[in-house]
Amino acid sequence: MRADEKPQIEFPCKYPIKILGDTHTELMEHVLQVMNNHAPGVTDSDVSSKHSSQGKWQSITVVITATGKPQLEAIFADLKTSARVKMVL
């Protein structure tokens, strides 16, 4: 592989998605709704959450079984439809 080439992902695979946003129950509800629409089968053990030291920000990580690039693009786009979501990684 050349240094300027991106590594290829082999699907299906376990894929962590991290969502950063305002601490609010609506953020977690939005994330879970999007995951249920695009990656059914996500369980509580697939979801983890952390709050910033002052509690203003929340980081949610969801590990899904990704089936392909179109699925990931749809998840990222739908997650960003909430004003509470500030960043998706």
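Residues numbered from 1 in each chain as written. Predicted model: local features only at pLDDT ≥ 70, side-chain atom pairs only at ≥ 80, totals over all residues. Heavy atoms only, no water.

Chemist: Hey, could you run me through helix 2 (residues 69–79) in this one?
Modeler: An α-helical turn contains 3.6 residues, so any two residues separated by three or four positions project in the same direction. For helix 2, the complete set of buried residues consists of Gln71, Leu72, Ile75, Phe76 and Leu79. Viewed end-on, helix 2 has its buried residues packed into an arc of 130 degrees, placing them on one side of the element. Turned more than 90 degrees off the buried face of helix 2, the exposed positions are Lys69 and Pro70. Looking at the buried residues of helix 2, the elements they touch are strand 1 (13–22), helix 1 (25–38), strand 3 (57–66) and strand 4 (85–88). (Buried < 20%, exposed > 50% of the residue type's maximum accessible area, 1.4 Å probe, protein only. Helix = DSSP H or I, 4+ residues; strand = E, 2+ residues; numbered from the N terminus. Arc of directions from axis to C-beta. Contact = heavy atoms within 4.5 Å.)

Chemist: What exactly am I supposed to notice about the pairing of strand 3 here?
Modeler: Looking along a regular strand, one sees the side chains alternate between the two faces of the sheet. Among the 10 residues of strand 3, 7 are classified as buried, and the element is accordingly described as predominantly covered. Examined bridge by bridge, strand 1 and strand 3 share 10 bridges and lie antiparallel to one another. Bridge assignment links Ile17 to a residue of strand 3, and that residue is Val62. Here strand 2 (residues 47–51) runs beside strand 3; their pairing, made up of 5 bridges, is antiparallel. Looking at strand 3, one finds that Ser49 is bridged to Ile60. (Pairing = 2+ DSSP bridges.)

So yeah, pure geometry; function would need other evidence.
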